[in-house]
Amino acid sequence: MFSSFHAVVPMLCVTAAGIAAMVAEAFRAKGEKMPIGPLGAVGLIGAAVATGLLWDRNATSFGVVSADNFGLFVTAILVVVGLLSLAISAPTVEREGLPAGEYYALMLFSLAGMMLMATATDLLVIFLALEVLSLAIYVLTGIRRDSAQGAEGAFKYFLLGGFSSAFFLYGIAFVYGLTGSTHLDRIGTLMAAQAMTPSTMQILAIGLLLVGFAFKVSAVPFHMWTPDAYEAAPPAVTGFMSTGVKAAAFAAFVRVFLSAFEPLIHSWSSIVWGLAAATMIIGTVVGVAQTSVKRMLAYSSIAHGGYLLLALMSGNDVGKGAVLFYLLVYAVTNLGAFGIISVLETREQANDRVSDYAGLWTTHPTLALLMTFFLLSLGGFPPLGGFIAKWYVFSAAIKAGYTWLAIIGVLTSVVSVFFYLRVIVMMYMTPADNEPRAALPAVPQLAGAAIVLSAIIILYLGVLPTRVLEWAAASIGGII
């Protein structure tokens, strides 16, 4: 009996930690300081241990959750995202006076939804996981209740998110009408039998599901919420949702489209080709014009979603591993960058304009050096992880015959270097203006350690990526 719960143990650990955070907040006296964040760390460490013990066991729970190596690899990425997010969140929670129990509980429940989305093998369970993680993220986006910008960003995200969820649910309904099932294995078998002559209903079902996934991964033209939500949320929340949501959404995207709908790849590959090209171009071109570092990283996130779509389309051995490796590198890099934005923010001033980074090398040389690491990795400079990730994505695309799409990816990657280097030039070569402004805060030890660890990880993944690439390729091979 208990064996049927094995596959859901990692998310149960995280859920239990979220409940513990809520209970701790309920019993905390007003003004009393209670270490609620560490409760989340305990749950995530438990999830990491469970993930390691489940590796290579292919455990399943209730026929709709599969702890195969693919789902476990994404779960491991989400554990890393969760631990780093908790560490960089502590200064924000304390500085803003946010309700710690509510904040950490929402983050942990969202992580549980992400893990469920990565391991679910049924469309309805994927939809439920999507809603669990989304509702928590909507609230986290607007958790600064005295911020009009935060409320606006959360409201836009909520409205557009509900709109995309309706498309996704309609897609599930069409699939069920066609196949009589929402289980991915059953859907894949029936789709393969009709692959030679796909019907209009099949194309419509795939299109509706594609809209739902495209919204979550910020693909153009479903990216409108991204800049406003990223700018409105606290930097720690922005880093969390820009990495965790993307990892979970791409995990489900891969599982659905490269497994259940793989027999119809010739029907949907051209649509994804257009989405990938538009996403890379719009994300890069519009990002060049941004003066806010948070909005710049938002458009950077959009462009990186295009690179991931390129890897997903390739579907060959190189592309399979590239998807997961890219998700890991991107998650650690982006969290490190938003961690620096978070520790530089004060209650009076966001310090997220490009001009606010002028002279950072003279005031906080370590932070300037770390930010340089993260920006260069996002731009794809060797010997950092971002270079290896992009190399494998473009190699997979060329190997699969998508040469022109790979060329678009390379060109947009070159253009994106401009807005990354602009911040670096500002930090090192532009003196701070003479206008009086608040002194930058001291860097908290825990957040600083998390940022340094992120830099070490991306350096390691750039210099010695082979082992992780092998794990990624082996794990995704089990579902395709």
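Placed above this text is the structure.
Quick summary incoming for the structure in this document. Given the structure is predicted, the values throughout are model-derived calculations rather than measurements. (Residues numbered from 1 in each chain as written. Predicted model: local features only at pLDDT ≥ 70, side-chain atom pairs only at ≥ 80, totals over all residues. Heavy atoms only, no water.)

1. Some remarks on the overall build of the chain
Then step 1. The secondary structure content of the chain amounts to 19 helices and two strands.
Then step 2. Dimensions of the chain along its principal axes, counting C-alpha atoms only, are 70 × 55 × 40 Å.
Then step 3. A separation threshold of at least 6 residues defines the contact pool for the chain, and within that pool the share at least 24 residues apart is 81%.
Then step 4. A total accessible area of about 18100 Å² is found for the chain, and carbon and sulfur atoms account for 70% of it.
Then step 5. Across the chain, 22 positive and 23 negative side-chain charges occur, with their mean positions spaced 2 Å apart. (Helix = DSSP H or I, 4+ residues; strand = E, 2+ residues; numbered from the N terminus. Contact = heavy atoms within 4.5 Å. Areas by Shrake-Rupley, 256 points an atom, 1.4 Å probe, with all protein chains shown as cover. Lys, Arg positive; Asp, Glu negative; His and termini not counted. Charge placed at Lys NZ, Arg CZ, Asp CG, Glu CD.)

2. A look at the nonpolar core
Then step 1. Ranked by size, the top nonpolar core spans 166 residues in total, and within it Tyr103, Phe257, Phe261, Trp268 and Tyr357 carry the most contacts.
Then step 2. The dominant element in this core, judged by the number of residues it contributes, is helix H13 (residues 317-344), at 18 residues.
Then step 3. With near-sequence residues (within four places) excluded, Phe261 lies in contact with Val175, Ile187, Met191, Ile206, Leu209, Val256 and Trp268. (Core = buried A, V, L, I, M, F, W, Y, C linked by side-chain atoms within 4.5 Å. Buried < 20%, exposed > 50% of the residue type's maximum accessible area, 1.4 Å probe, protein only.)

3. Describing the pattern of salt bridges
Then step 1. By the definition in use, this model includes nine salt bridges.
Then step 2. For Asp228, the salt bridge goes to Arg295, with nearest N and O atoms at 3.2 Å. Separated by 67 residues along the polypeptide, Asp228 in helix H9 (residues 225-232) and Arg295 in helix H12 (residues 293-314) bring together distant segments of the chain.
Then step 3. Put simply, Arg295 and Glu231 hold a salt bridge, and the shortest N to O gap is 2.9 Å. Here the residue Arg295 occupies a position in helix H12, and Glu231 occupies one in helix H9, the gap between them amounting to 64 residues. (Salt bridge = Lys/Arg side-chain N within 4 Å of Asp/Glu carboxyl O.)

4. Comments concerning a nonpolar patch on the surface
Then step 1. There is a patch of nonpolar side chains on the surface, built from Ile45, Val49, Leu53 and Leu83 and spanning about 370 Å² of accessible area.
Then step 2. Per-element tally for the nonpolar patch: the top contributor is helix H2 (residues 37-54), with three residues.
Then step 3. Its location among the elements puts Leu53 in helix H2.
Then step 4. Residue Leu53 is classed as exposed on the basis of its relative accessible area, which comes to 61%. (Patch = residues over 30% accessible without salt bridge, like charges linked within 9 Å, V, L, I, M, F, W, Y side chains within 5 Å.)

5. Some details on the packing of aromatic side chains
Then step 1. Within the structure shown, the criterion is met by 23 aromatic pairs.
Then step 2. With a centroid separation of 5.4 Å and an interplanar angle of 90°, the aromatic rings of Tyr103 and Tyr104 are classed as edge-to-face.
Then step 3. Taking the relative accessible area as the measure of exposure, Tyr103 reaches 0% and is therefore buried.
Then step 4. Owing to a relative accessible area of 7%, Tyr104 belongs among the buried residues under this scheme.
Then step 5. Measuring from ring centre to ring centre gives 6.4 Å for Tyr307 and Tyr326, while their planes differ by 45°; the resulting arrangement is tilted. (Phe/Tyr/Trp six-rings, centres within 6.5 Å; stacked < 30°, edge-to-face > 60°.)

6. Points about helix H18 (residues 445-463)
Then step 1. Taking 1.5 Å per residue, 19 residues should reach 27 Å; H18 reaches 27 Å between its end C-alpha atoms and fits that length.
Then step 2. Among the residues of H18, those classed as buried are Ala447, Gly448, Ala450, Ile451, Ser454, Ala455, Ile458, Leu461 and Gly462. Looking down the long axis of H18, one finds its buried residues gathered within 165° of arc, a one-sided arrangement. Pointing more than 90 degrees away from the buried face of H18 are the exposed residues Gln445, Leu446, Ile456 and Val463. (Expected span 1.5 Å × (residues − 1). Arc of directions from axis to C-beta.)

7. Some details on the environment of Tyr357
Then step 1. Turning to its location among the elements, Tyr357 is positioned in the loop between H13 and helix H14 (360-363).
Then step 2. Given a relative accessible area of 1%, Tyr357 falls into the buried group.
Then step 3. Between the C-alpha atom of Tyr357 and that of Ala229, which follows or precedes it by 128 residues, the distance is 22 Å.
Then step 4. Setting aside chain neighbours within four positions, we find Tyr357 in contact with Val293, Ile341, Leu344, Asn351, Asp352, Met371, Val423, Met426 and Met427.

8. A closer look at the side chain of Thr179
Then step 1. Along the chain, Thr179 falls in helix H6 (residues 148-179).
Then step 2. A relative accessible area of 9% places Thr179 in the buried class.
Then step 3. A distance of 2.8 Å separates a polar atom in the side chain of Thr179 from the backbone oxygen of Val175.
Then step 4. Reaching out from Thr179, the side chain makes a polar contact with the backbone oxygen of Ser181 at a distance of 3.0 Å.
Then step 5. Leaving out residues up to four positions away in the same chain, Thr179 has contacts with Arg186, Ile187, Leu190 and Met191. (Polar contact = N/O pair within 3.5 Å; in protein donor to acceptor, adjacent residues only side chain to side chain.)

9. Quick word on the side chain of Ser300
Then step 1. Tracing the chain through its elements places Ser300 in helix H12.
Then step 2. Discounting chain neighbours no more than four positions away, the residues touching Ser300 are Gly283, Leu378, Phe419 and Tyr420.

10. Here we look at the environment of Gly113
Then step 1. Summarising the element assignment, Gly113 is placed in helix H4 (residues 100-119).
Then step 2. Looking at Gly113, the relative accessible area reads 2%, which means it is buried.
Then step 3. Once the C-alpha coordinates of Gly113 and Glu131 are considered, the two residues, 18 residues apart in sequence, prove to be 7.9 Å apart.
Then step 4. Gly113 has contacts with Ala129, Val132 and Leu133, leaving out every residue within four places of it along the chain.

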